[in-house]
Amino acid sequence: MNKITIIGGGNLGKSIISGLASSNLFEAESITVVDKSKYNLKEIEENLGVSTSQNIIESIIDVEWIILCVQPRQLDSVLQEVKDVVTIDQVLISTVTGTSISEINEVIPENKVIRVMPNTGASKKLSMTCIAANDDVTEELTMVQKMFDTIGKTLVIEERLMQAATVLGASGIAFFLRFLRAMIQGGIQMGFHPHEAQIIAVQTAMGAATLVAENGTHPECEIDKVTTPQGCTIEGLNEMEHRGLSSSVIKGVMASYEKINTIK
Ligand SMILES: NC(=O)c1ccc[n+]([C@@H]2O[C@H](COP(=O)([O-])OP(=O)(O)OC[C@H]3O[C@@H](n4cnc5c(N)ncnc54)[C@H](OP(=O)(O)O)[C@@H]3O)[C@@H](O)[C@H]2O)c1
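Remember, it's a predicted structure, so these values are computed and weren't measured experimentally.

Caption draft 1: View of the overall build of the protein. Counting its secondary structure elements, the protein contains eleven helices and eight strands. With the C-alpha coordinates of the protein rotated into their principal frame, the extents come out at 70 × 40 × 30 Å. Counting only residues that meet the buried cut, the protein has 38% of its 264 residues in that class. A separation threshold of at least 6 residues defines the contact pool for the protein, and within that pool the share at least 24 residues apart is 61%. Accessible area for the protein stands at about 15,700 Å²; split by element, carbon and sulfur atoms hold 56% of it. Charge separation in the protein, taken as the distance between the mean sites of 21 positive and 32 negative side-chain charges, equals 7 Å.

In structure tokens, the structure reads:
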């Protein structure tokens with residue numbers, strides 16, 4: 001049976017551990033989580049039944065998979081700590097934003113590295129996770145896809161698109177939520193109590209996304225179904241577009257993309 005160690009039991013680490021622990025890919029005792037905080041590890045052990053450790057070196061002995069799940073600024077010290085201990089057959093899976101496969105291979109040259117970019121939907125098993133690897137990594141890529149399928153949907157992409165995946169998928173959560181907030185504010189102005197407006201807007205957003213996801217249709221096709229000629233929906237849609245809705249969203253996505261390409 002495969003063994004796996006997750007270095008970093010923070011927000012994302014916990015979601016990944018929860019998905020893996022409830023899958024049939026690993027026995028709970030084959031999953032080890034490393035974190036600095038004893039309190040955090042105790043909570044993870046109690047809730048998820050996995051092994052925990054505060055010692056990175058001990059925790060990666062004899063494991064096939066190592067997930068790097070620390071903040072970008074913490075990655076270098078973790079890589080420095082493990083670089084003389086990792087064995088060539090161990091696969092490194094990096095969740096770390098903005099660090100390329102070749103940058104990790106500069107420190108640890110012999111090991112296969114797979115990059116993953118999930119989002120916070122992972123905590124509800126609704127992550128969108130984009131995955132990238134070099135061409136010679138195929139079997140391992142399939143296994144990593146299975147791992148991240150336990151916390152949502154996965155898509156294998158070229159590594160050059162990883163920054164774009166971060167904007168569309170990870171920052172995308174914030175972009176959709178800001179639109180949701182605006183819908184709630186509109187609902188309140190029409191007379192709903194905030195909690196009522198939120199229930200209506202949230203369920204409507206889920207319905208809209210599910211229609212497109214399950215019907216496999218283009219959004220405009222589902223929009224046509226609710227747009228009566230001369231009706232209130234087209235009136236509202238056209239007003240939103242006159243005020244630059246689509247243009248603002250595309251410009252916001254591109255501003256985010258330009259920014260991420262300058263961050264290191
Ligand atoms: N959250 C997301 O939705 C998301 C999505 C895509 C990608 N990512 C990427 O995933 C990575 C993790 O994100 P996160 O939100 O889970 O971060 P986080 O909540 O800060 O978790 C990181 C954890 O790793 C621990 N840690 C740091 N250095 C360590 C070390 N040397 N040994 C053991 N444990 C160590 C931290 O402890 P301390 O807090 O005590 O330092 C913390 O508990 C980041 O690189 C982020 O860019 C996150």
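Caption draft 2: Looking closely at a nonpolar patch on the surface. On the surface, M190, F192, I199 and I200 cluster together to form a nonpolar patch covering roughly 440 Å² of accessible area. Structurally, I200 is set in helix α8 (residues 194-215). For I200, a relative accessible area of 42% translates into the label partly exposed.

Caption draft 3: Region of the structure containing helix α2 (residues 38-48). Buried within α2 we find N40, L41 and I44. Take α2 and look down its axis: the buried residues cluster within an arc of 95°, on one side only. Exposed and oriented more than 90 degrees from the buried face of α2 are K38, Y39, K42 and E46. Once α2 finishes, G49 follows within two positions and takes phi at roughly 70°, a positive value.

Caption draft 4: Region of the structure containing the nonpolar core. The biggest cluster of nonpolar side chains holds 29 residues, and the ones touching the most others in it are L20, F26, W65, I67, V144, M147 and F148. Ranked by residue count, the leading element in this core is helix α6 (residues 139-149), at five residues. If near-sequence neighbours (up to four positions away) are discounted, F148 is found in contact with I16, I67, I93, V116, P118, T129, I131 and T154. Of all hydrophobic cores here, the second largest spans 19 residues; its members include I56, L68, V78 and I101.

Caption draft 5: Highlighting the site of the ligand. Looking at the ligand, there are 22 residues lining it, with L12, D35, V70, Q74 and T97 nearest. Residue L12 places a main-chain N or O atom 2.8 Å away from an oxygen atom belonging to the ligand. Between T95 and the ligand, the recorded distance is 3.1 Å, taken from a side-chain N or O atom to an oxygen atom. When the ligand is considered free in solution it has 900 Å² of accessible area, and contact with the protein chains removes 79% of it. Secondary structure elements with two or more residues in the shell around the ligand: α1 (11-21) and α4 (72-82).

Caption draft 6: Examining the sheet that holds strand β5 (residues 91-94) more closely. If you trace the eight strands from one edge of the open sheet to the other, you get β3-β2-β1-β4-β5-β6-β7-β8, paired in mixed fashion. The open sheet has two edge strands, β3 (51-53) and β8 (152-156), and neither has a second partner. Geometrically, the sheet is characterised by an average inter-axis angle of 25° between neighbouring strands, direction not taken into account. One ladder, built from four bridges, connects strand β6 (residues 113-117) with strand β7 (residues 127-133); its direction is antiparallel.

Caption draft 7: Region of the structure containing the pairing of β7. For β7, a buried count of six out of seven residues is recorded, marking the element as mostly surrounded by other parts of the structure. Sheet analysis places β7 next to β8, joined by five bridges and oriented parallel. Looking at β8, one finds that T129 is bridged to T154. For the handedness criterion, the β-α-β arrangement of β7, α6 and β8 is classed as right-handed.

Conventions used here
Residues numbered from 1 in each chain as written. Predicted model: local features only at pLDDT ≥ 70, side-chain atom pairs only at ≥ 80, totals over all residues. Heavy atoms only, no water. Helix = DSSP H or I, 4+ residues; strand = E, 2+ residues; numbered from the N terminus. Buried < 20%, exposed > 50% of the residue type's maximum accessible area, 1.4 Å probe, protein only. Contact = heavy atoms within 4.5 Å. Areas by Shrake-Rupley, 256 points an atom, 1.4 Å probe, with all protein chains shown as cover. Lys, Arg positive; Asp, Glu negative; His and termini not counted. Charge placed at Lys NZ, Arg CZ, Asp CG, Glu CD. Patch = residues over 30% accessible without salt bridge, like charges linked within 9 Å, V, L, I, M, F, W, Y side chains within 5 Å. Salt bridge = Lys/Arg side-chain N within 4 Å of Asp/Glu carboxyl O. Arc of directions from axis to C-beta. Core = buried A, V, L, I, M, F, W, Y, C linked by side-chain atoms within 4.5 Å. Near = heavy atom within 4 Å. Polar contact = N/O pair within 3.5 Å; in protein donor to acceptor, adjacent residues only side chain to side chain. Pairing = 2+ DSSP bridges. Axes fitted to C-alpha atoms, helices over the stretch in contact; angles between N-to-C directions. Right-handed = clockwise from strand over helix to strand, strands pointing away.

Just distances and angles here, no functional claims.
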